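Notes for the structure review
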Amino acid sequence: MRLSDREKLYFIEEMNQLLADPELLRIRCRAVNWVDDRLEQNLLDRLKKQGEITDESWNLFLQGDETVFFDVQKRLFGAYHFSRDEKRELSVLSENYKAAAAERMRTYLLKKERTAFQKQAGISAMSWSRFLKVSAYTSDRVTEQIADRLGLSDEERTELRNLVFRDTFPVSEEFKEHVRDLIKENHTSIYEFLMDAGLSENAWEPFRTNPKQLPTSQGTLLKLIIGLHMDRMGGEKLLHRVNSDFVMRRDLAALICLNNRIFEPDVCFYILELFAGGVTEERYYRNLYTDPVLK
C-alpha cells in the first residue's frame, strides 16, 4: 500500500514538471503577474518623473541597445541601492550579454519594489511570501490591502478579486445539478459514490437538494474529481465552473493521481502525503484522505 522508493522518485519528478509547466505557471501566477505589472509601471512612472529614464530609453535598455545601456544602468545604480554582489553580477553580464543584464536588473528592481510595497501596504512578510509563491490561498484582507495600496478603482478591484484563487465557493443550483448528474452517470446511488470517494456527509451537504446554500471547498472538489475518475481536462472543466484550477501544491498532488489513473483513496493518501511535508515541521496542507493505518 505504501509507496516504494522508486514510485516516490517518479512522483517527485512529475511534481517538479508540473511546477515548471508554463501553462500551469501562467494560471497559478495570474494574480501575482497582474500585481507585478502595476508595480513595474509605478516604478517606471517614478523614474520618468525623476528624469532618470524615458519610455524609449527603457525599452532600448531592455533590448541591450549600446547607445543607451550604460547610461540607463548608471542612472538606475544611482537611484536604487544594489549590493556589491548584485553589482558584480550585473557588471559581468553587461560585458557580453547586455539584454540579459538588463532583464536581471529589471528583476532586482521589481524585487525591491515588491518589498517596499509589502511594507507600505501593511501586509505581513509571511502573507506576502505566500501570495508571491502561490503557496497558500490569499485572504480577502490581504487582497484588500493590495487593492488599497495600489489605489485601484472598483472595476480594478473586481478584476483582482477574480484573479485571486480561493478555497471556498458558493454552490449554485446549476453547479449542484451538474455534479449530481456526473455521479448518476456511473454510480447506482449517491451513497455508493460517497463511500467510494471517501467523502463525508458534511462535505456532501452543500450538494443536497435543500435550501441551506452552504459553500463547498477546493478539497471537496478535488475528492469529487478523483472519485469521478476524471482526467486532467475533466478536472479542469469542473474547477473552472467556480473560477478555480489546479493551483496549490495539494491540487498538483491530486493532479498526479489523475495523470496516473490512481483513484483509490488509500493510495491517493500516500501520494498526497508525499508532498504535504515542508522543510520544517510545518505542513503545506492537510491530507484529503484518512491514513489507511488509522481506519
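Higher on the page you've got the structure.
So, here's what we can say about the structure. (Residues numbered from 1 in each chain as written. Predicted model: local features only at pLDDT ≥ 70, side-chain atom pairs only at ≥ 80, totals over all residues. Heavy atoms only, no water.)

**Remarks on the overall build of the protein**
Here is the rule we go by: A helix here means a DSSP run of H or I that spans at least four residues, while a strand means a run of E at least two residues long, and both kinds are numbered starting from the N terminus. The buried label applies to any residue whose accessible area, calculated with a 1.4 Å probe on protein chains only, is under 20% of its type's maximum; exposed applies above 50%, and partly exposed to all values in between. Any two residues whose heavy atoms approach within 4.5 Å are treated as being in contact. Note on areas: these come from Shrake-Rupley sampling with a 1.4 Å probe, and a residue is covered only by the protein chains present in the view.
The helix and strand inventory of the protein stands at 17 helices and 2 strands. With the C-alpha coordinates aligned to their principal axes, the bounding extent of the protein is approximately 75 × 50 × 30 Å. The burial tally for the protein puts 45% of its 295 residues in the buried class. Within the protein, residue pairs in contact and separated by at least 24 positions form 63% of the contacts whose partners lie at least 6 positions apart. For the protein, the exposed surface amounts to about 16600 Å²; the carbon and sulfur share of it is 49%.

**Looking at the pattern of salt bridges**
This is how it is decided: Salt bridge, as used here, is a side-chain nitrogen of Lys or Arg placed within 4 Å of a carboxyl oxygen of Asp or Glu.
Here the structure, examined in full by the defined rule, presents 23 salt bridges. For arginine 114, the salt bridge goes to aspartate 36, with nearest N and O atoms at 2.6 Å. A residue pair is termed long-range when its members are at least 10 positions apart, and arginine 114 in helix H7 (residues 98-121) and aspartate 36 in helix H3 (residues 30-49) qualify at 78 residues. With a closest N to O distance of 3.3 Å, glutamate 103 and arginine 106 form a salt bridge. With glutamate 103 and arginine 106 both in helix H7, this residue pair falls 3 residues apart, about one helical turn. Assessed through its relative accessible area of 37%, glutamate 103 is described here as partly exposed. Three or more residues are tied together by salt bridges with common partners; here these are Glu144, Asp148, Arg157 and Arg161.

**Section: the nonpolar core**
Let me state the cut-off plainly: Among the buried residues, those of types Ala, Val, Leu, Ile, Met, Phe, Trp, Tyr and Cys that are joined through side-chain atoms within 4.5 Å form a nonpolar core.
Leu224 and Phe246 are the most contacted members of the largest nonpolar core, which totals 49 residues. The set of elements that each furnish at least two residues to this core consists of helix H1 (5-20), helix H11 (173-186), helix H12 (190-197), helix H13 (201-204), helix H14 (218-227), helix H15 (232-240), helix H16 (249-259) and helix H17 (265-274). Element by element, the count of residues in this core is highest for H16, at 7 residues. Setting aside chain neighbours within four positions, we find leucine 224 in contact with Val179, Ile183, Phe193, Leu199, Trp204 and Phe207. Listed in part, the 25 residues of the second largest apolar core include Cys29, Ala121, Val134 and Ala147.

**Here's the deal with H16**
Taken across its 11 residues, H16 has 9 buried, putting it largely inside the fold. Taken residue by residue, H16 has Arg250, Asp251, Leu252, Ala253, Ala254, Leu255, Ile256, Cys257 and Leu258 as its buried positions. Residues of H16 that are buried sit in contact with H1, helix H2 (22-28), H14, H15 and H17. In the stretch just after H16, arginine 261 is the one whose phi turns positive, near 55°.

**Brief notes about the packing of aromatic side chains**
Test applied: When the centres of two rings from Phe, Tyr and Trp lie within 6.5 Å, Trp using its six-membered ring, the rings pair. Their planes under 30 degrees apart give stacked, over 60 give edge-to-face, and anything left gives tilted.
Going through the model one piece at a time under the given rule, you end up with 10 aromatic pairs. Pairing phenylalanine 69 with phenylalanine 70 gives two aromatic rings, centres 5.0 Å apart and planes at 90°, and the pair type is edge-to-face. Since its relative accessible area comes to 46%, phenylalanine 70 is described here as partly exposed. With a centroid separation of 6.0 Å and an interplanar angle of 55°, the aromatic rings of phenylalanine 175 and phenylalanine 207 are classed as tilted. Of the two residues, phenylalanine 175 is situated in helix H11 and phenylalanine 207 in the loop between H13 and strand E2 (216-217); the sequence distance between them amounts to 32 residues.

**What to know about the environment of proline 215**
Relative to the helices and strands, proline 215 is located in the loop between H13 and E2. Separated by 45 residues in the primary sequence, proline 215 and proline 170 place their C-alpha atoms 4.4 Å from one another. Once residues within four sequence positions are removed from consideration, proline 215 is found in contact with Phe169, Pro170, Val171 and Pro206.

**Describing the packing of H7 against helix H8 (residues 125-133)**
Quick reminder of the rule: Convention adopted: a line fitted to C-alpha atoms gives each axis, helices being fitted over their contacting stretch, and angles between N-to-C directions are expressed from 0 to 180 degrees. For classification, angles of less than 35 degrees are called roughly parallel, those exceeding 145 degrees roughly antiparallel, those between 65 and 115 degrees roughly perpendicular, and all remaining angles oblique. In a left-handed crossing the near helix is turned counterclockwise from the far helix by less than a right angle, and in a right-handed crossing that turn is clockwise.
Orientation of H7 relative to H8, taken along the N-to-C sense of each, is 135°, at an axis distance of 10 Å. Classed by the angle they form, the pair H7 and H8 counts as oblique. As for the relative orientation of H7 and H8, their crossing is right-handed in sense. Within the contact between the two elements, H7 uses Arg114, Phe117 and Gln118 and H8 uses Ala125, Trp128 and Leu132.

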